[in-house]
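# Geometric and topological summary
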Amino acid sequence: MELYKLSAHELRKKLQAKEVSAVEVAEAVYNRVDAVEDTVQAYISLTREAALAEARRVDEKIKTGQAILPLAGIPGALKDNICVKGTRTTCGSKILANYVPPYDATVTRKLAEQDTVIIGKANLDEFAMGSSTENSAFKVSRNPWDTDTVPGGSSGGSAAAVAAAEAVWALGSDTGGSIRLPAAFCGVVGLKPTYGRVSRYGLVAYASSLDQIGPITRDVTDCALVMNAIAGYDPLDSTSINAPTPDYTKALVPDIRGLKIGLPKEYFVAGMDPEVERAVYAAIEQLKALGAEYKEVSMPHTEYALATYYMVATAEASSNLARYVGVGFGYRGEGSDIIAMSKKSRTEGFGEEVRRRIMLGNYALSSGYYDAYYLKALKVRTLIKRDFDKAFEDVDVLAAPIAPTTAFKIGEKVDDPLAMYLQDVCTVPVNLAGVPAISLPCGFKDHMPIGLQIIGKPLGEETILRAAYAFEQNNDYYKRLAPLGRA
Amino acid sequence: MAYEVVIGLEVHTELKTESKIFCGCSTKFGADQNTNVCPVCLGLPGVLPVFNTKVLEFAVRTGLALNCEILPFSKFDRKNYYYPDLPKNFQTSQYDLPIAVNGYLDIEVNGETRRINITRVHMEEDAGKLVHAGSITKSEYALVDYNRTGVPLLEIVSEPDIRSADEAKAYLEKLKAILQYIDVSDCKMEEGSLRCDANISLRPAGATYLGTKSELKNLNSFKAVQRGLEYEVLRQTEVLEEGGKVVQETRTWDEGRGITASMRSKEQAHDYRYFPEPDLVPIVVDPVWIEDIRKKLPELPDARRARLINDHNLSSYDAGMITSSRAMADYFDNTLKAGADAKTAANWLMGEVSKHLNLSNCEVEDCPVTPEKLVELTKLLDKGTISGKIAKTVFEEMWSSGKDAATIVKEQGLVQISDEGAIIAVIEAVIAANPQSVADFQAGKDRAIGFLVGQVMKQTKGRANPEVVNKLLRERM
Ligand SMILES: [Zn+2]
């Protein structure tokens, strides 16, 4: 079997057994990239030299008999809104097209400490704003299951890279579903950790109170391995949770007897594709067959989640993105004075969706509207959190769809922002509540993957990993490789 | 019509913590441009703030010293506005839940004590500095120095309880003294570590409503505060007298022209779009910790002044002057510790010491004549070893050479001559040489003796004991 098709845990065994070298693995992945990247368009930039140098260091360690950490020498991709010192970090935006950070994100540092190999920086919707990766200023990534469809967003490049075997694992960021939606569309596993479980230091902010970095992998085992590498308290992130980090691989036992699953009926929205709905119900029935119990639960404020999300996220974004004026860094437009220069920099540097969200956010915060929009959204957010608290009094996890449909065609929704926003209806409540959720494949519709969402209690990553692992091991979706063609 | 002046002050003070409020960079003033910076205070993409808890301690100390209530739950908010010295284009500040509220301080103006209420004290980050090539209006470009970005600030907002420019100045002086006493700020207006904006309005005497205010900016010294406010009182009075209306606006004080000028109208005022800072967690303070800080507060100016009046019999004026700065008051207390008589020490402090400090532009903490050395000098004077006049000469020598008083007296032979035998010869010579003055004295012109004493002192190079001289002269005439 080709090396690039293997999972991280399989590659680790081969590296430890000295069956292959880290350089061979990295080269196999780069050969794969060379072969398919023109079709997939997953990457904004490749970091070939640094990757091979790192692989050689790992080989040296193996050769001299030193112990290597679990992700050592395993090639992965970083979403291009995660800072890597000395490597261009664009956020998929013209405004940061040539921006090279002088510091590492905490996750970057942690991965470097693991001796992982970084293949490149993955494409995304500009500043992580979008559900299809069509908002990137550089390229439109394609879904490896059908290259005429989108990979989902905003971490579309990360998910497409993993699905197309252009990376063994990847990091994405999830503000309203940006890890889980592309994972579902691309038939891979994506985890949005509890807010504060993974440091945000060095993640270019979209919406600070919602953003969270997480893994995108081929299977649940790899998801746990990447979580082990990136999770943990970080004094550089004041919203980071100061709690011990478990060994997530210990949660990987295919036994869910007695697990109580809640089915939030409000997530099965009107207009949902019946085949998606059927697949999700079938998955839940299967979990029941494996020994879990399930019951319907009500989360009455779900219908307000999308509107709440677009108030909170855009308000924070309007402020977070205010720094891009062409003064200290980033794209600078021409102008006769500072105001003209700033305006030009922003108008020319930001894409349409980013400008739309900045406008929305500024409006929500402006005097006279604050109480009606932003403050009200904060109050509804509290109610949504309470829905979760209440549901989790009775159940251990919640199971739901990720999106109402499978991946849509490229260009299908670009002129209809509202239709695009509706893709996030099942994912945004999780970010508003700050709880963890995983997306994993649970079936196909016309060869396109369908995602199952399992939502956990705060810091309940181990429970959702266990449920996901049990489901995965009783199916073979994770073994299927995307065809990289048109359906 | 008689008008009442209504003034409220917003004071910004830089805290003298070692590091900045949200990163580890140094706060040192005067470093090379853009050397005290890091990704966080430069606001680079992806960075996050980490709150320096030393700032919280300083803020709580200030709140307590200003008789405020410390809020057990407070938070940071973002104040959004675009300005090139603000790298994130928002300032992390406190909006609706500041760290301290409802305080006051008492000021004394023309012998009357007035209580000025303090609305709030809140923490925030400072902005950077724009450096223009040439003049600000003609400059082709501006450079930004981010060294000051993220230096911790407290904003202290008073109620509109101040009734005159003099009161405003007294309030600022008192506030500065308190901040220095509790050691949270250097309060150097010239370095920008103390800044003041003023809201001022007029209303008919006796009215209780508030008139339309103007906000004064660019008040860069105590004198500017006073002059700017005095000018505004005149300007607004004139507007009202002519039947006009004061316009709500921000005005800037032009030091050179001695006037205020309109900067922006109410309509052009910023909409700061405040919202809670999502990158920081709320500030929850432990009441036990607050009490601990309260217990450790040093003696404040009012208490110290009362002590000097009650325990050491100083006049209210002297005690006020000495306690107006902590360093001066500490100097005074150290002279007492070294055994000085309070009144004598106060006279020296407000006389020679202050004079020399002013002349050589020296801070009292750097005074070359230490309290201990000063006390040695005053003891020589008390014992009659040297005369008062000589003492001043000795003090000058102490200041410039750093030697102690006894050494100087010994080296220069300045011991006072009190031995009558040694003085009589001089007196007789002076009487013989000045018959006219002697005649005047004998004719009842008492003043003539002053001249004769002066002559004796001159001939003894100031060393004769003036009391003895006086006594012997009268006996001889
Ligand atoms: Zn810094």
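Residues numbered from 1 in each chain as written. Chains lettered and ligands numbered in written order. Predicted model: local features only at pLDDT ≥ 70, side-chain atom pairs only at ≥ 80, totals over all residues. Heavy atoms only, no water.

All right, on to the domain arrangement of chain B then. For chain B, the domain assignment lists domain 1 (3-290), domain 2 (299-401) and domain 3 (420-476). Summarising the inter-unit geometry, the C-alpha centres of domain 1 of chain B and domain 3 of chain B are found 64 Å apart. (Domains from an automatic or database assignment.)

The next subject is the pairing of strand S7 (residues 112-125) of chain B. All names here are of chain B. Strand direction decides the pairing type here: strand S6 (residues 100-109) and S7, joined by nine bridges, are antiparallel. Paired with Asp106 across the strands is Arg115, a residue of S7. In terms of strand pairing, S7 meets strand S10 (residues 152-158) through seven bridges, oriented antiparallel. For His122, the partnering residue across the bridge sits in S10 and is Glu155. (Pairing = 2+ DSSP bridges. Helix = DSSP H or I, 4+ residues; strand = E, 2+ residues; numbered from the N terminus.)

Describing an aromatic ring pair means giving the distance of the ring centres and the angle of the ring planes. Scanning the entire structure with this criterion turns up 27 aromatic pairs over all chains. Summarising the aromatic geometry, the rings of Phe185 of chain A and Phe408 of chain A are spaced 5.9 Å apart at their centres and angled 90 degrees between planes, so their arrangement reads as edge-to-face. With Phe185 of chain A in helix H6 (residues 180-186) and Phe408 of chain A in the loop between strand S9 (397-401) and helix H13 (417-421), the pair connects residues that are 223 residues apart, well separated along the chain. A residue is classified by how much of its surface remains accessible, and Phe185 of chain A, at 1% relative accessible area, is buried. Measuring from centroid to centroid gives 4.7 Å for Phe268 of chain A and Tyr281 of chain A, while their planes differ by 20 degrees, and the two rings are stacked. Placement of Phe268 of chain A in the loop between strand S7 (260-264) and helix H8 (274-289) and of Tyr281 of chain A in helix H8 is noted, with a sequence separation of 13 residues between them. For Phe268 of chain A, a relative accessible area of 13% gives the class buried. For Tyr281 of chain A, a relative accessible area of 31% corresponds to the partly exposed category. Each member of the aromatic cluster is reached from another via a ring pair, and the members are Tyr99, Phe127, Tyr324, Phe329 and Phe350 of chain A. When the ring centre of Tyr331 of chain A is taken as origin, the NZ or CZ atom of Lys94 of chain A, which lies over that ring, is 4.9 Å away. Of note, Lys79 of chain B hangs over the ring of Tyr272 of chain B, and the distance from its end group to the ring centre comes to 4.4 Å. (Phe/Tyr/Trp six-rings, centres within 6.5 Å; stacked < 30°, edge-to-face > 60°. Buried < 20%, exposed > 50% of the residue type's maximum accessible area, 1.4 Å probe, protein only. Lys NZ or Arg CZ within 6 Å of the ring centre and 35° of its normal.)

Here we come to the coordination of the zinc ion. Residue and element names in this part refer to chain B. Within the protein, Cys23 (SG), Cys25 (SG), Cys38 (SG) and Cys41 (SG) serve as the donor atoms for the zinc ion, at 2.3 to 2.4 Å. Viewed at the metal, the four donor atoms of the zinc ion are separated by angles of 101 to 115 degrees, and the geometry they form is tetrahedral. Positions of the donor residues of the zinc ion, expressed as sequence spacing, correspond to C-x1-C-x12-C-x2-C. You can see Cys25 sitting in the loop between strand S1 (3-14) and helix H1 (53-65) and its partner Cys38 sitting in the loop between S1 and H1, a full 13 residues away along the chain. (Donors = N, O, S within 2.8 Å, 3.2 Å for Na, K, Ca; no water. Tetrahedral: all angles 85-135°; square planar, octahedral: opposite > 155°, others 65-115°.)

On to the interface of chain A and chain B, then. Contacts between the two partners involve 36 residues from chain A and, on the opposite side, 30 residues from chain B. Here chain A meets chain B over a buried area of about 2500 Å², counting both sides, of which 58% is carbon and sulfur. Put simply, chain A and chain B have one salt bridge between them. Our enumeration of links across chain A and chain B arrives at 16 residue pairs in polar contact (both at pLDDT 80 or more). Elements with a contribution of two residues or more to the side of chain A that touches chain B: helix H9 (305-320), helix H10 (338-349) and helix H11 (352-365) of chain A. Per element, the largest residue contribution to the side of chain A that touches chain B is four residues, and it comes from H9 of chain A. (Contact = heavy atoms within 4.5 Å. Buried area = accessible area lost by both parts, 1.4 Å probe. Salt bridge = Lys/Arg side-chain N within 4 Å of Asp/Glu carboxyl O. Polar contact = N/O pair within 3.5 Å; in protein donor to acceptor, adjacent residues only side chain to side chain.)

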